[in-house]
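This is what each chain is made of:
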Amino acid sequence: MVDLEKAPPARSREGEPVPRADGEGCLVVAVRLPVRIVALVLVLPVRMAWDALVVAGRFLRDTVLRPVGRALAWLGRALFVWPLVGLWRYVVVPVAKGVGWLGNVLLVVPAVWVYRWVLTPVGRALAWCCAGVGAVLTALGRGLYAGLAWLARYLVVVPAGWLYAWVLTPIGHLLAWCGRGLARCGRGVLWCLNKVVTGIGAVLYWTVRILLVLPALAVWRWVLAPVGRALAVVGRELLDALGHAWRIAGHLSRAVGRALAALFRWTVAEPARWVYRSVLTPVGHAVRDTVLRPLAEAARAAGRAGRQALRSARLSVRQARADLRRTLFGEPERTPSVDRREPSGAKARTLGSSTTALTKD
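The residue numbers shown here count from 1 along each chain, following its written sequence. The predicted origin of the model limits local features to residues at a pLDDT of at least 70 and limits the giving and counting of side-chain atom pairs to 80 or more, whereas totals for whole chains, interfaces and linings rest on all residues. Processing note: side-chain calculations cover all non-hydrogen atoms of the structure and skip hydrogens and water entirely.

Chemist: Looking at this structure, I do not really get the side chain of Arg47. What am I missing?
Modeler: Inspection of the secondary structure assignment puts Arg47 in helix α1 (residues 26-329). With a relative accessible area of 13%, Arg47 lands in the buried category. Arg47 has contacts with Trp246, Arg247, Ala249, Gly250 and Ser253, leaving out every residue within four places of it along the chain. Every helix listed is a DSSP run of H or I at least four residues long, and every strand listed is a run of E at least two residues long, numbered separately from the N terminus. Buried means the residue's accessible area, taken with a 1.4 Å probe over protein chains only, is under 20% of the maximum for its type, while exposed means over 50%, and partly exposed covers the values in between. Contacts: residue pairs with any heavy atoms within 4.5 Å of one another.

If you want it as structure tokens, here you go:
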């Protein structure tokens, strides 16, 4: 909420007022309240529209987007995931196992046999031959190296040492003495150039400082810094005002929403509930007990009577057809029925008695 009362200034232990740390003056405090009121008036419609959009979005998400998303997810699983899983499980994996078994039988086993019984003996034989040839070449190389080393020592190293000791060393000493003299002359010339460059640099430094740096520093200190502080205070106040206005607009929007919900409840929902519970439900029960149930019983009785009439008609037609068949073709010959459920012992006794009767005859 907006703080309409001015906070009392803080005081020290001696009773003297302590200046505020943020440097706010009376002008800032006097401008803050109107700015916050204007910000509240401007932000309140935006916040109410935002809350309405949030409620509509949640309702749309819960009633439309979530069921549609679940249906699309199930459809995607049914159309893509389950066929791919079945294809992978019942086609790709068995085919891959079969291909792997064939590769093992047709490639790996023959390759292992060739490596073990052909390439390994051949490689060992080649390694033994190469070892012998390498030993011979090593002996020849050592002899050749010893000869070349002796020739290089007495044809290159000894003459080079003599040349270094008796020719290059005196020439180097002479060149070093000449270089030291030239270095002393160069240091003198560099000292003079350093003094000249230092003087020119000092003149340029003070010229740039007086003509550019000091005016720029004065503009920064007396113009840009105060303007920046003022703009910072204005921006901070605007941000604080917008924050307070947004929070207050939220409380107002929540109160308006609750009022509208209560109004809808007491003007539409509760009357509809009372009508449904107190009027429609008793009327529906009365209609069910007085109209629908008797109609249903009558329909069931009519159905039973119709089914009985159809059954009687079918029996009459069947009897008439049987009578007509007996009239035209006579009585059919009846074959003696055999009781298949007679036990095996009784059947054996019957067969035995019939055979004994035949033998007696």
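Chemist: Is there a simple way to think about the pattern of salt bridges in this case?
Modeler: Pairing between side chains becomes possible if they bear opposite charge and their charged atoms approach one another. Only one rule defines a salt bridge in this text: a Lys or Arg side-chain nitrogen within 4 Å of an Asp or Glu carboxyl oxygen. With the rule as written, the count across this model stands at 8 salt bridges. Salt-bridge contacts for Arg293 lead to Asp289; the nearest nitrogen and oxygen are separated by 3.3 Å. Here Asp289 and Arg293 lie together in helix α1, a separation of 4 residues that amounts to about one turn. Given the relative accessible area of 39%, Asp289 is considered partly exposed. Of the charged contacts, one joins Arg300 and Glu297 as a salt bridge, the two residues approaching to 2.4 Å between their closest N and O atoms. Taken as a pair, Arg300 and Glu297 lie in helix α1 at a separation of 3 residues, close to a single helical turn. A relative accessible area of 41% places Arg300 in the partly exposed class. Members of the salt-bridge network, linked through shared partners, are Arg61, Asp62 and Arg66.

Chemist: I would appreciate a short explanation of the nonpolar core in the present structure.
Modeler: A general trend in soluble globular proteins is that nonpolar side chains are found buried together. Only buried residues count toward a nonpolar core. Its members are Ala, Val, Leu, Ile, Met, Phe, Trp, Tyr and Cys residues joined through side-chain atoms within 4.5 Å. Counting 5 residues, the largest nonpolar core is built from Ala39, Val43, Ala241, Ala245 and Ala249. Residues within four places of Ala39 in sequence aside, it is in contact with Ala241, Leu242 and Ala245.

Chemist: Quick question: what am I supposed to make of the packing of aromatic side chains here?
Modeler: In this description, an aromatic ring pair is defined by two values, namely the gap between the centres and the angle between the planes. Here the aromatic set is Phe, Tyr and Trp, taking the six-membered ring for Trp, and pairing holds for ring centres within 6.5 Å; pairs whose planes are under 30 degrees apart are stacked, those over 60 apart are edge-to-face, and all others are tilted. Counting across every chain of the model gives 3 aromatic pairs. Plain terms: the ring middles of Trp74 and Trp82 are 6.2 Å apart, the flat faces sit at 85 degrees to each other, and that makes the pair edge-to-face. Under the relative-accessibility criterion, Trp74 is labelled partly exposed at 48%. With 5.4 Å between their ring centres and 75 degrees between their planes, Tyr205 and Trp206 make a pair best called edge-to-face.

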